[in-house]
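What the coordinates show
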Amino acid sequence: MSDPAVSTPVLEVRDLEVEFATYGGVVKAVRGVSYAVERGRALAVVGESGCGKSVTVQAIMGLIDMPPGRITGGSARLLGQELIGLGARAINRVRGAAIGMIFQDPMTSLNPTMKIGSQIAETLIAHRGMARREALAQAVQLLDRTRIPEAGKRANQYPFELSGGMLQRVMIAISLACKPALLIADEPSTALDVTIQNQVLELMREIQREEGMAIVLITHDLGVVARMADDVAVMYAGRIVESGPVEDIFYRSAHPYTTGLKRAMPGAARTHRKLVAIAGSPPDLFAVPPGCAYAPRCPHAMNICAVHDLSLIHISEPTRPY
């Protein structure tokens, strides 16, 4: 029998739609996205730049400027609580406490005028009501947990004094300060070299195992997906085109776009003898084509693809731990 704590989604997104009003028209950035992630599991959201991966989670966390942005439909529930439509004060109580987020570039995400320890302590003071001295002591412990050497010394330094790998560990420490149920990692290893990238990903996986939290990992790197994810959602032109357990996506994928992404992996060059790029460019989201958005780039497209969009088809039951 399944454990209810495991089977109940920590985050459940249903039919989310986000658009932006610009001088050139309305950009339909997210078009009916649905996915869910359970406690102790990692969901990777994969796709090219501009496909709506980051906008989706920014909408969930209330980080979109409205206007010009606007959520036109859908739902996002965190542990059963609806997040869409929450007021500024209510969503602020959720961010940093129930949801932690690691941003893509730690150098621009941290305050250059504040010491590292103070930036971590800020979260604990705001969400846990700790006194400043207690919060600073806890900040040092968090830095030590993320394997930053000489944690006490680093807590008294400014962001410019730390390397990129250390700064990303600081971001992890901040995001984990209040033991969130959900961690959102937006391209957490893009700016890092391969060695540091592996260390950061292993650290995230280790902490997830210890805390049992859910992770939404946003990336375009299928190598990171293979290492980190339990489940995968592939996005294209603001929609989920394929989703399933990571094994199915890598070995039994059905959508031509997913296949194209796999063939474009540098590691696949050994098998195919050359790097196979996806021809063309993603569609203009000012005027989304009526049929399948991938049809103009798809080597298997038929005439009907330009008229009728594809519906998601259930192929197999996802595997879950029991």
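Here we summarise the structure given alongside this text. (Residues numbered from 1 in each chain as written. Predicted model: local features only at pLDDT ≥ 70, side-chain atom pairs only at ≥ 80, totals over all residues. Heavy atoms only, no water.)

Turning our attention to the side chain of Glu-242. When you line up the elements, Glu-242 lands in strand E10 (residues 239-245). Buried charged residue Glu-242 carries no salt bridge. Nearest counter-charge: Lys-262, at 7.5 Å. Polar contacts involving the side chain of Glu-242 include one to the main-chain amide nitrogen of Ala-254, which spans 2.6 Å. Among the polar contacts made by the side chain of Glu-242, one reaches the side chain of Thr-258 at a distance of 2.7 Å. Glu-242 has contacts with Val-232, Ala-233, Val-234, Ile-249, Ser-253, Ala-254, His-255, Thr-258 and Leu-312, leaving out every residue within four places of it along the chain. (Helix = DSSP H or I, 4+ residues; strand = E, 2+ residues; numbered from the N terminus. Buried < 20%, exposed > 50% of the residue type's maximum accessible area, 1.4 Å probe, protein only. Lys, Arg positive; Asp, Glu negative; His and termini not counted. Salt bridge = Lys/Arg side-chain N within 4 Å of Asp/Glu carboxyl O. Polar contact = N/O pair within 3.5 Å; in protein donor to acceptor, adjacent residues only side chain to side chain. Contact = heavy atoms within 4.5 Å.)

Any empty space left between atoms is shown by rolling a water-sized probe over those atoms. Estimates place the volume of the second largest pocket at around 550 Å³. Forming the boundary of the second largest pocket are 21 residues, of which Gly-96, Met-101, Phe-103, Thr-123 and Ile-174 lie nearest the centre. Elements that contribute at least two residues to the lining of the second largest pocket include exactly strand E6 (99-102), helix H5 (116-128) and helix H8 (164-176). It is H5 that provides the largest number of residues to the lining of the second largest pocket, a total of 5 residues. Classifying every residue of the lining of the second largest pocket by side-chain character gives 10 nonpolar, 9 polar and 2 charged. (1 Å grid on protein atoms, 1.4 Å probe; cavity = no way out; pocket = protein on both sides within 12 Å on 5 of 7 lines; lining within 4 Å. Points joined across faces, edges and corners; volume = space filled by probe spheres on them. Nonpolar A, V, L, I, M, F, W, Y, C, P; charged D, E, K, R; others polar.)

Looking at the secondary structure, you find Thr-56 in helix H2 (residues 53-60). Discounting residues that sit within four places of it in the chain, Thr-56 has contacts with Leu-16, Val-30, Val-33, Tyr-35 and Met-235.

Let's shift gears to the packing of aromatic side chains. The tally for this structure, following the rule as stated, stands at 4 aromatic pairs. Ring plane angle 65 degrees and centroid distance 5.3 Å describe the contact between Tyr-257 and Tyr-294, whose orientation is recorded as edge-to-face. Placement of Tyr-257 in helix H12 (residues 256-263) and of Tyr-294 in the segment after helix H13 (269-272) is noted, with a sequence separation of 37 residues between them. By relative accessible area, which is 0% here, Tyr-257 ends up buried. Among the aromatic residues, ring-to-ring pairing joins Tyr-236, Tyr-257 and Tyr-294 into one connected group. (Phe/Tyr/Trp six-rings, centres within 6.5 Å; stacked < 30°, edge-to-face > 60°.)

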